[in-house]
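What follows is each chain in one-letter form.
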Amino acid sequence: MTAPAARAAQLRRLLDEANHRYHVLDDPAIPDAEYDALLRELQAIELAHPDLASADSPTQRVGAGVLPGFAEVVHEQPMLSLNNAFSDEEVAEFVQRIEKQLGVAEPEFSVEPKLDGLAISLRYEQGLFVRGATRGDGATGEDVTQNLRTLKAIPLRLRGQAPPVLEVRGEVYMPRAGFEAYNARMRETGGKVLANPRNGAAGSLRQLDPRLAAARPLAFYAYGLGVTDGWTLPARHSQMLQALRGFGFPVSPEVSVARGLGGLLEYYAAIGARRDALAYDIDGVVYKLDHHDQQKAMGFVSRAPRWAIAHKFPAQEQLTTVEAIEVQVGRTGALTPVARLAPVQVAGVVVTNATLHNADQIARLDVRVGDTVIVRRAGDVIPEVVRVVAEKRPLDAHGRPLHAPFEFPSTCPACGSPTEAVRKVLKQTKAGGIEYAEGAAIVCTGGLFCPAQRKQAVIHFASRRAMDIEGLGESLVEALVDFDYVRTVADLYALGLDDFLAMRRRADERDGTVPETVKAGKVATKWAENLIEAIAASQATSLERLLFALGIRDVGESTARTLARHFGALQPIMDADEATLCEVPDVGPVVARRIAGFFAEPHNREVVEALRKAGVRWTEGAPQRSAQGPLAGQTVVLTGALAVMGRDEAGDRLQALGAKVSGSVSKKTSFVVAGEAAGSKLEKALALGVEVWDEARLLDFLNSHPAG
DNA sequence: TGGCCTCGAGTTCA
DNA sequence: CTCGAGGCCA
């Protein structure tokens, strides 16, 4: 062997090994830079000695020239589809059918996650990768050999004792991290972003230019076989997968063996719980009878095997259309765009709204009316618009988009006042310029002149954690403000039976609803009486609730409580200057200015006076500047469901003993009380080594330390 | 000045 | 629940 030939062979071995460890074993042996250097060296040798080039060389992975189109490939053994199960019952039927037909109880299944990618078939002859094809319609697919060669997870040469012919089937997919990184790069360079990892995988393989495919972060897992020649199949599917690993194929580490219906459902739940944590998207799990002879005995129906089934997860992403983009006005005047969507089931609930957060988010997504969008309910519950499906945007006769990009109104949709961009100042540069953070908020300048803000102020005032007026909900407040029965929160206390009934009539007339409640006059009267009673009941309250209810910006529950304790009474708070307010713990210059500014407004002082006159009374006492009691100085976090007294009451009792009750766990937390189904907070507590109490221990403690 | 630790505010749906 | 930002401490 000549020197270049020997070196080339050595380089191929090194590169193949590095590839295998990186993509199959997930255990990189050499740094990327070194891999690149070796690859370039090999390319140089092959360029200088074309006779040394070979189809299985790692250099072939970088992608050759543009393909003229894809040749058809007839699958010698068809690539079948799987029947789907969407419920536990359907899985139970599947298992029962097998048990009955085979006469076995609790058969064993090979189980694996169902990747959301593209099924392909890889053909190896004498251990060499000769052809790769898409599934196509199952009988005929497309020859995408050149593109598949660029996937480093696909071995070009099998390891070990390779049979003369081996067809391996599996899924090409795009890991989420690779998808995100690729899209980020495309956004930067103005390239085309991919809609989702699945489309990314499918689109990449159908790229006519393998160099483009090579740039896509694709991966592969093997899960089955096509035709083989000269290989004695192991008795079980799970053993076969193990053998494929031996040949150098990546097989999902999640594959396992489960027994009977119970085992299947357990696996389904276990994978489902980890779904978001996986590196790739999955849309369910697949169960396959593990013993090949049992598979053979079950056979096929039409185009799907009767020995396997895909158990699907409820879809987390759905396509729907944007019917309108509306703008909401919040309590602080912030304008929030909301997409009204055609109702669609996502992960078990019907979604009709999704927030678009702010102008930047809208601009980034470029959402327009009529667009088809992907909606997701990710780890949390709140739906979001992931992206627009550009190809489905409605066009006019000239092929131009039917709708212009969304623009924020220059006037408030509720009151017509001009809107204003409140940009957050990031930092002042030395030259005197100002850098702004992204995410400029647009606010209405109308203040309490704006009915939307007035409504929100009243809703906040009546809310459970503020004045706790039962039955005074959003729609009712809306009507009260619209018909001018309520201008300030104090007006609530002047409302009489007739007001409510008259307003109800006007509201029903306006909305065109035939009011059953008015027909049955008694019912409506009862409704109004209950409301008046609830409003009257809120007259007796506490200083902290009142302070919170007033809706001073940046004064939430916690700050309201601190203020109430520190001053003991309302008047000294109203009279305090900024410096005095800054003495209050957790109150700094920003919050102090908000509070002083609020009470400097004659209008706000009038509202307080009107509330007093309307009979609102609150507890006042001596200033309490430092917490006392057995838990003084301790910070406690409550999490999970408490059976006996509920979190709110438990919090009150703990505070009465001097504890500070907080919402987030940190290393400063004294202890965490964890009830049933405690989640991330308990996890964090354990991670930080914070003491954890169960409910019984809390009750013991409270019982042995009566408050006061 | 930087880096936690909190709090406040906004959001959806059963 | 998450994000952003105010407040506090080193």
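In this text the structure is predicted, and so the values were computed from the model without any measurement.

So, on to the sheet that holds strand S28 (residues 691–693). Strand order in the open sheet formed by four strands is S26-S25-S27-S28, with parallel pairing between adjacent strands. Unpaired on one side and paired on the other, strand S26 (660–662) and S28 mark the two borders of the sheet. If you compare each strand with its neighbour and ignore which way they point, the axes differ by 30 degrees on average. Pairing analysis gives three bridges linking strand S27 (residues 671–674) to S28, with the strands arranged parallel. Across the sheet, residue Val672 finds its bridge partner in S28, namely Val692. This element, helix H23 (residues 646–656), spans strand S25 (635–639) and S26 of the sheet and lies at about 170 degrees to S25. Docked against the sheet, helix H25 (residues 695–704) engages S27 and S28, running at close to 85 degrees with respect to S28.

Let's shift gears to the environment of Arg697. Locating Arg697 in the fold gives a position in helix H25. Arg697 sits in the partly exposed class, given a relative accessible area of 39%. Between the C-alpha atom of Arg697 and that of Val673, which follows or precedes it by 24 residues, the distance is 8.7 Å.

One pass over the full model with this rule turns up zero disulfides. Free of any disulfide, Cys415 has its nearest cysteine sulfur in Cys444, 3.6 Å distant. Its relative accessible area of 18% is what places Cys415 among the buried residues.

On to helix H21 (residues 589–600). Taking 1.5 Å of rise per residue, 12 residues should cover 16 Å, and H21 covers 16 Å from first to last C-alpha, within 8% of that figure. The set of residues buried in H21 consists of Val591, Ala592, Ile595, Ala596, Phe598 and Phe599. On an axial view of H21, the arc spanned by its buried residues comes to 155 degrees, and they lie on one face. In this structure, H21 carries Pro589, Arg593 and Ala600 as exposed residues pointing more than 90 degrees from its buried face. In this structure, the buried side of H21 is in contact with helix H17 (543–549), helix H18 (557–567), helix H19 (570–575), helix H20 (578–582) and helix H22 (602–613).

Turning to the protein's contact with DNA strand B, a few remarks are in order. Looking at DNA strand B, there are 25 residues lining it, with Thr332, Thr336, Ile382, Gly556 and Thr559 nearest. Put simply, 90% of the atoms of DNA strand B that lie within 4 Å of the protein are in sugar or phosphate. Note that a phosphate oxygen of DNA strand B is positioned 3.5 Å from one of the side-chain N or O atoms of Lys660. Within the residue set of the surface near DNA strand B, elements represented by two or more residues are strand S15 (335–346), strand S16 (349–355), H18 and S26. In terms of residue count, S16 provides more of the surface near DNA strand B than any other element does, five residues in total. Across the surface near DNA strand B, the residue classes tally to six nonpolar, 12 polar and seven charged.

In the Ramachandran plot, Asp554 falls in the positive-phi region, its phi being about 70 degrees despite a non-glycine side chain. Residue position: Asp554 is located in the loop between H17 and H18. Located in the positive-phi region is Asp586, a residue other than glycine, with phi close to 70 degrees. Tracing the sequence through the fold places Asp586 in the loop between H20 and H21.

Ile469, Leu492, Phe599 and Leu611 are the most contacted members of the largest nonpolar core, which totals 59 residues. With six residues, the single largest contributor to this core is H21. When residues are assigned to domains, this core turns out to be shared by domain 4 (446–538) and domain 5 (541–619), each giving three or more. Ile469 has contacts with Phe461, Ala462, Leu492, Tyr493, Ala534, Ile535 and Ser538, leaving out every residue within four places of it along the chain. By size, the runner-up hydrophobic cluster in this structure holds 35 residues, among which are Leu122, Leu156, Met186 and Met240.

This part takes up the environment of Val338. Residue placement: Val338 occurs in strand S15. Val338 sits 24 residues away from Ile362 along the chain, and the two C-alpha atoms are 9.8 Å apart. Not counting residues up to four positions away in its chain, the partners in contact with Val338 are Ala324, Ile325, Glu326, Gln328, Asn353, Ala354, Thr355 and Leu356.

One can describe the packing of helix H13 (residues 474–482) onto helix H14 (residues 497–511) by two numbers: an axis separation of 10 Å at closest approach and a directional angle of 95 degrees. The orientation of H13 with respect to H14, classified from their angle, is roughly perpendicular. The segment H13 lies against H14, with Leu476, Ala479, Leu480 and Asp482 engaging Phe500, Met503, Ala507 and Arg510.

On to the packing of aromatic side chains, then. Counted by the stated rule, this structure contains 14 aromatic pairs. When the ring of Phe671 is compared with that of Trp693, the centres are 3.9 Å apart and the planes differ by 10 degrees; the resulting orientation is stacked. Here Trp693 lies in strand S28 and Phe671 lies in strand S27, a separation of 22 residues in the sequence. When sorted by exposure, Phe671 lands in the same class as Trp693, which is buried. Linked through ring pairs, Tyr124, Phe129 and Phe249 together constitute an aromatic cluster. Over the face of the ring belonging to Trp527 we find Arg504, whose NZ or CZ atom lies 4.4 Å from the ring centre.

One open sheet accounts for four strands, arranged S5-S4-S7-S8; its pairing is antiparallel. One side of each edge strand has no neighbouring strand; the edge strands of this open sheet are strand S5 (128–134) and strand S8 (219–229). Sheet twist, expressed as the mean angle between neighbouring strand axes with direction ignored, is 25 degrees. Examined bridge by bridge, strand S4 (residues 118–125) and strand S7 (residues 165–173) share eight bridges and lie antiparallel to one another.

What counts, and where the lines are drawn
Residue indices follow the written sequence of each chain, beginning from 1 at its first position. Naming scheme: in the order in which they are written, chains are lettered from A and ligands are numbered from 1. Only residues with pLDDT of at least 70 are given local features in this predicted model, and only at 80 or more are side-chain atom pairs given and counted; all residues enter the totals for whole chains, interfaces and linings. Side-chain measures here rest on the full set of heavy atoms in the structure, leaving out hydrogens and waters. Here, any two strands with at least 2 DSSP bridges between them count as paired. Runs of H or I in DSSP of at least four residues are treated as helices and runs of E of at least two as strands, each being numbered from the N terminus. Fitting a line to C-alpha atoms yields each axis, with helices limited to the stretch in contact; the angle taken between N-to-C directions then spans 0 to 180 degrees. Two residues qualify as a contact provided that any one of their heavy atoms is within 4.5 Å of a heavy atom in the partner residue. Categorising residues by exposure relies on relative accessible area from a 1.4 Å probe, with only protein chains included: less than 20% of the type maximum marks a residue as buried, more than 50% marks it as exposed, and the intermediate range marks it as partly exposed. The disulfide criterion is simple: two cysteine sulfur atoms within 2.5 Å. For a helix, the expected span equals 1.5 Å multiplied by the number of residues minus one. The directions from the helix axis to the C-beta atoms are what the arc is built from. Put simply, a residue is near a molecule or strand once any heavy atom of it comes within 4 Å of that molecule or strand. Counted as a polar contact is a pair of N or O atoms within 3.5 Å, where, for protein atoms, one must be capable of donating a hydrogen and the other of accepting one, and residues adjacent in sequence contribute only when both atoms are in side chains. Under the scheme applied here, ten amino acids are nonpolar (Ala, Val, Leu, Ile, Met, Phe, Trp, Tyr, Cys and Pro), four are charged (Asp, Glu, Lys and Arg), and all others, including Gly, are polar. For this analysis, a nonpolar core means a set of buried residues of the types Ala, Val, Leu, Ile, Met, Phe, Trp, Tyr and Cys, connected via side-chain atoms within 4.5 Å. Reported domain spans reflect what an automatic or database domain assignment gives. Convention used here: angles under 35 degrees read as roughly parallel, angles over 145 as roughly antiparallel, angles from 65 to 115 as roughly perpendicular, and any remaining angle as oblique. Pairs were defined over the aromatic rings of Phe, Tyr and Trp, the Trp ring being its six-membered one, requiring ring centres within 6.5 Å. Orientation was assigned from the angle between planes: stacked under 30 degrees, edge-to-face over 60, tilted for the rest. Counted as over-ring charges are cases with an Arg CZ or a Lys NZ within 6 Å of the ring centre that also lie within 35 degrees of the ring normal.

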